[in-house]
Amino acid sequence: MKKSIMRATLPDGSSIPLTKLLEPLKKAGFEGIQLGVHGVGELTLRTADADATKLAKACRDEGIEPHSIYGGIRFFREDAEDRKRGLDEAKKTLDLASAIGVNAVLIHPGQLSTSIPYDDGWKLSIDNLKALKEKAESTHLRLGLENVWNKFLMSPLEFKRLIEEVNSPAVGIWFDIGNVVVFGYPEQWLRILGGKSIVGIHIKDFKRAHNDAFGTYDHFAPLFHGSVNWPEVMKELARIGFDDYLVSEDPLGHQPLPDALRELSGQLDVMIRMAKQ
């Protein structure tokens, strides 16, 4: 397993350009980065493929692999014209991913609401993933639908059924370990989903309330200070054959950046050792 970090956890481009963050990342022991498609910044839906390629080269020249991206894709749209525009944006995001040379794209499908009910969300997710899977397959990308707090896909069995309905080796789950702790156990999700379904992993911790009852949750917590059973999670990741980037989504706090990165890198080292035990 290798160490990576999500772009969103680093200082944004208005304070420190990404190119200035690559050297401290490398010095701290990170090997990869998950880039983000945002409204502004170094990577947007308006970024030309040539500029995306240049950004990727800058990362690789510093020894940091841009292995995946997030953002730029949203499935849950009420209006038909908005859905068409959303699919066009999703295809552009896949073009950016191809230009950068990443292996995977994380997808947050959107938020369920009174106007986007559960069954509509299910259909929109399947329809959009089917519309994108051929492009993903032809460019050797994998699409990972993330388990997020959006009132949707609340169990690994549902996730597995959805992936089976889309029926593509290019489509799976981007599994966020901390996001399931309030209503489940991540090591069980990993066992049920299996290695072939896992596109990528987000690392963060979550602290349940003291009585551990459903619906009585507390807060996200620093790594190893929450309720995630990290020895069991890492053992399960190893058992299902996951051997890719562990992408930290843990906030860096208020330490000087080099110190925060070294501390986080050391915590990921501990997790990787757990997987080998």
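This is a predicted model, so every value here is computed, not measured. (Residues numbered from 1 in each chain as written. Predicted model: local features only at pLDDT ≥ 70, side-chain atom pairs only at ≥ 80, totals over all residues. Heavy atoms only, no water.)

## Regarding the overall build of the chain
When helices and strands are tallied, the chain shows eight helices and 10 strands. For 277 residues, the compact-globule estimate of 2.2 N^0.38 gives 19 Å, and the C-alpha radius of gyration of the chain, at 18 Å, lies within 12% of that figure. Expressed along its principal axes, the backbone C-alpha trace of the chain runs to roughly 50 × 50 × 30 Å. In the chain, buried positions account for 51% of the 277 residues. Contacts in the chain between residues far apart in sequence, at least 24 positions, make up 78% of those at least 6 positions apart. Of the roughly 12,800 Å² of accessible surface on the chain, 51% is carried by carbon and sulfur atoms. (Helix = DSSP H or I, 4+ residues; strand = E, 2+ residues; numbered from the N terminus. Rg over C-alpha atoms; globule rule 2.2 N^0.38 Å. Buried < 20%, exposed > 50% of the residue type's maximum accessible area, 1.4 Å probe, protein only. Contact = heavy atoms within 4.5 Å. Areas by Shrake-Rupley, 256 points an atom, 1.4 Å probe, with all protein chains shown as cover.)

## Concerning the sheet that holds strand β10 (residues 245-248)
Strand order in this closed barrel of eight strands is β1-β2-β3-β4-β5-β6-β7-β10, and the pairing throughout is parallel. Across this sheet, the average inter-strand angle for adjacent strands is 30°, counted without regard to direction. As paired strands, strand β5 (residues 142-146) and strand β6 (residues 171-176) are joined by four bridges and run parallel to one another. Bridge pairing in β6 places Gly 144 opposite Gly 172. Along the sheet face, helix α5 (residues 156-166) touches β5 and β6 and points at about 155° away from the line of β6. The sheet contacts of helix α6 (residues 186-193) involve β6 and β7 (198-203), and relative to β6 the element is tilted by about 165°. (Pairing = 2+ DSSP bridges. Axes fitted to C-alpha atoms, helices over the stretch in contact; angles between N-to-C directions.)

## Thoughts on the layout of surface pockets
Empty pockets left among the atoms are what a rolling probe the size of a water molecule brings to light. Taken as a whole, the largest pocket encloses approximately 270 Å³ of empty space. Lining the largest pocket are 18 residues, with Pro 222, Leu 223, Asp 250, Pro 251 and Leu 252 positioned closest to its centre. Contributing elements (two or more residues each) for the lining of the largest pocket: β9 (217-221) and α8 (257-276). Top contributing element to the lining of the largest pocket by residue count: α8, with four residues. (1 Å grid on protein atoms, 1.4 Å probe; cavity = no way out; pocket = protein on both sides within 12 Å on 5 of 7 lines; lining within 4 Å. Points joined across faces, edges and corners; volume = space filled by probe spheres on them.)

## Remarks on empty space enclosed by the protein
In this structure the tally under the stated criterion is one cavity of 30 Å³ or more. In this model, the largest cavity occupies a volume close to 30 Å³. Lining of the largest cavity is provided by Asn 147, Val 148, Trp 149, Phe 152, Leu 153, Met 154, Asn 179, Phe 183 and Trp 189. Per-class residue counts for the lining of the largest cavity are seven nonpolar, two polar and no charged. (Nonpolar A, V, L, I, M, F, W, Y, C, P; charged D, E, K, R; others polar.)

## Observations concerning unusual backbone geometry
Phi is positive for Lys 151, close to 65°, though the residue is something other than glycine. Relative to the elements of secondary structure, Lys 151 occurs in the loop between β5 and α5. Even without being a glycine, Phe 224 presents a positive backbone phi close to 75°. Within the secondary structure, Phe 224 sits in the loop between β9 and α7 (230-239). Classification of Phe 224 by relative accessible area gives partly exposed; the value is 32%.

## Quick look at the nonpolar core
Within the largest apolar cluster, 81 residues are counted, with the highest numbers of intra-cluster contacts made by Ile 201, Trp 230, Met 234 and Leu 237. The element best represented in this core is α8, accounting for nine residues. Residues within four places of Met 234 in sequence aside, it is in contact with Met 1, Leu 246, Met 271, Ile 272, Met 274 and Ala 275. Counting eight residues, the second largest nonpolar core, distinct from the first, contains Tyr 70, Ala 104, Val 199 and Tyr 245. (Core = buried A, V, L, I, M, F, W, Y, C linked by side-chain atoms within 4.5 Å.)

## Some details on the packing of α5 against α6
It is the contact of α5 with α6, at a shortest axis distance of 9 Å, that shows an interaxial angle of 30°. Our classification of the angle between α5 and α6 gives roughly parallel. Two packed elements cross with a definite hand, and for α5 against α6 that hand is right-handed. From α5, Pro 156, Leu 157, Phe 159 and Lys 160 reach across to α6, where they touch Trp 189, Ile 192 and Leu 193. For the contact of α5 with α6, the class distribution of residues is six nonpolar, no polar and one charged. (Parallel < 35°, antiparallel > 145°, perpendicular 65-115°, else oblique. Left-handed = near helix turned anticlockwise from the far one by under 90°.)

## Brief notes about the side chain of Arg 77
Assignment of secondary structure puts Arg 77 in the loop between β3 (65-70) and α3 (80-100). Accessibility expressed as a relative area gives 6% for Arg 77, which makes it buried.

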